Amino acid sequence: MKNNFSFTGARKIAFGNGSFAKLGEHLRDLRAKRPLVVLDKSLAAAGFSERVAQVLEQADIDFCLFDKTEPEPRLELVDEGAKLALKKKCDAVVGIGGGSAMDVAKAVAVVAANKGRAVDYLGLNNVPGPGLPTIMAPTTAGTGSEVTFTAVFIRKDLKKKEGMNSPYLYPDLALLDPELTLSLPPGPTATTGLDALCHAIESYTSINASPLSEMISLEAIRLISDSLRTCVHDGSNLAAREQMLLGSLYAGLGLANAGVTAVHSLSYPLGGKYGIPHGLANTILLAPVMAFNVPAALEKFAIIAETMGEVIDNLPLREAAYLALDAVEALIEDCGVDTKLCDFNIGEKDFPELAKVAMTIARPLANNPRPVTIENAIGIYGAA
């Protein structure tokens, strides 16, 4: 644990039931007159663009719609969205949807403002300057993208994922309305929620965790483990949805400040090469990576176990720590998520190449509480 630390995130957070209705007011605060609204394709198909129009018309704000975002978005979408923003002279960007829509929106804002190409801004600190003002409104409780400096995309040409990471990607406002998550079906509720749990556990156990990030990440673990089952099996329960979205927010703040670990490094190739959705890929790898990491962070994993409801009184530390695995595996099972690579026709012959790609995702591996070799990575894929 580091006692010398900094802490960053979205410039402002507005949380509460019905808060989306104030989107127009927040845009006026940013002096935006014509925002580009980046919307999930599925939300647009369900008619959500009409709700956006109603909210913004009440505030007398014109807007342009970019509704082409799909799960695991292609990098090319960023340049397409930025081109539209420039053509329509948009002065802000609003991202509405899951992590994909928010990642595209954040990247569009910086590409449009700097008049560059998305591919040139990939990596760490390659964005040359501030972007257009941004507001992110999540409709899933999962990625925490509304408070992070990261946007992740599929490189179809390279069959891999790459991230755009820059302080200029932090949103000006994270607008979190639990009511927007009520219509999310059980499957996506489960995988996005387990994605948030990954962020919370990884950031809590990261070697870059600070006293502040640990406190927030641990509370995220508690909120998610207490509420996710209810959200999956009783999606209309607004109190559970509220707790889940709060847990996702906290997990995102932990991620932004302490970083994620080996789960993300090993999951990226599953999305890039096989198209496995990000939340599901992380879920597949969470327990195997935890099993690998437990010996290096016994006290932290014992605390995770207790936070998730396991009784650790009078147990030896090692036994208590491994109960964290039981708690996570039980939550995954109760949420009905399939977590084996073989179900996706991924087998032993594929592990060396996956591991080779995973080792190039260096930043999360550097945060891991236990060093990971390529042989370790192959073994973790085998355990998955």
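Residues numbered from 1 in each chain as written. Predicted model: local features only at pLDDT ≥ 70, side-chain atom pairs only at ≥ 80, totals over all residues. Heavy atoms only, no water.

With that settled, consider the pattern of salt bridges. In the structure shown here, the tally under the stated rule is 13 salt bridges. Glu 219 is the salt-bridge partner of Arg 222, the closest N and O atoms lying 2.6 Å from each other. With Arg 222 and Glu 219 both in helix H7 (residues 211-233) and three residues apart, the pair spans about one turn of that helix. The class of Arg 222 is partly exposed, set by a relative accessible area of 31%. Close ionic contact of Lys 349 with Asp 350 constitutes a salt bridge, the shortest N to O distance being 3.4 Å. (Salt bridge = Lys/Arg side-chain N within 4 Å of Asp/Glu carboxyl O. Helix = DSSP H or I, 4+ residues; strand = E, 2+ residues; numbered from the N terminus. Buried < 20%, exposed > 50% of the residue type's maximum accessible area, 1.4 Å probe, protein only.)

Here we take up helix H11 (residues 298-307). For H11, the complete set of buried residues consists of Lys 300, Phe 301, Ala 302, Ile 304 and Ala 305. Packing partners of the buried residues in H11 comprise helix H6 (186-205), H7, helix H10 (278-293) and helix H12 (317-334). Positioned one or two residues after H11, Gly 309 has a phi angle of 100°, which is positive. (Contact = heavy atoms within 4.5 Å.)

If a residue is not glycine, its phi is most likely negative; likewise, a peptide bond is most likely trans. For Lys 115, which is not a glycine, the phi torsion comes out positive at approximately 55°. Structurally, the position occupied by Lys 115 is in the loop between helix H5 (99-114) and strand S5 (123-124). You can call Lys 115 exposed: its relative accessible area is 64%. Backbone geometry places Asn 345, a non-glycine residue, at a positive phi of 60°. Within the fold, Asn 345 resides in the loop between H12 and helix H13 (351-358).

Our next topic: the nonpolar core. By size, the foremost hydrophobic cluster in this structure holds 73 residues, and its most contacted members are Leu 197, Ile 201, Leu 266, Leu 270, Leu 285, Phe 301 and Tyr 381. In terms of nonpolar packing, the next biggest core, distinct from the first, is built from 30 residues, Leu 75, Ala 82, Ala 118 and Met 136 among them. (Core = buried A, V, L, I, M, F, W, Y, C linked by side-chain atoms within 4.5 Å.)

Spatial strand order, S1-S9-S6-S4-S2-S3: six strands in an open sheet with parallel pairing. Of all strands in the sheet, those bounded by a partner on one side alone are strand S1 (13-15) and strand S3 (64-69). The sheet shows a mean angle of 15° between the axes of neighbouring strands, taken without regard to direction. Packing of helix H4 (residues 76-87) onto the sheet brings it into contact with strand S2 (35-40) and S3, and relative to S3 it is tilted by some 170°. (Pairing = 2+ DSSP bridges. Axes fitted to C-alpha atoms, helices over the stretch in contact; angles between N-to-C directions.)

All right, on to the sheet that holds S5 then. Strand order in the open sheet made by the three strands is S5-S8-S7, with mixed pairing throughout. Taken across any chain shown, the strands that pair with only one partner, and hence form the sheet edges, are S5 and strand S7 (150-155). Contacting S7 and strand S8 (160-165), H5 runs over the sheet at an angle of about 100° to S7.

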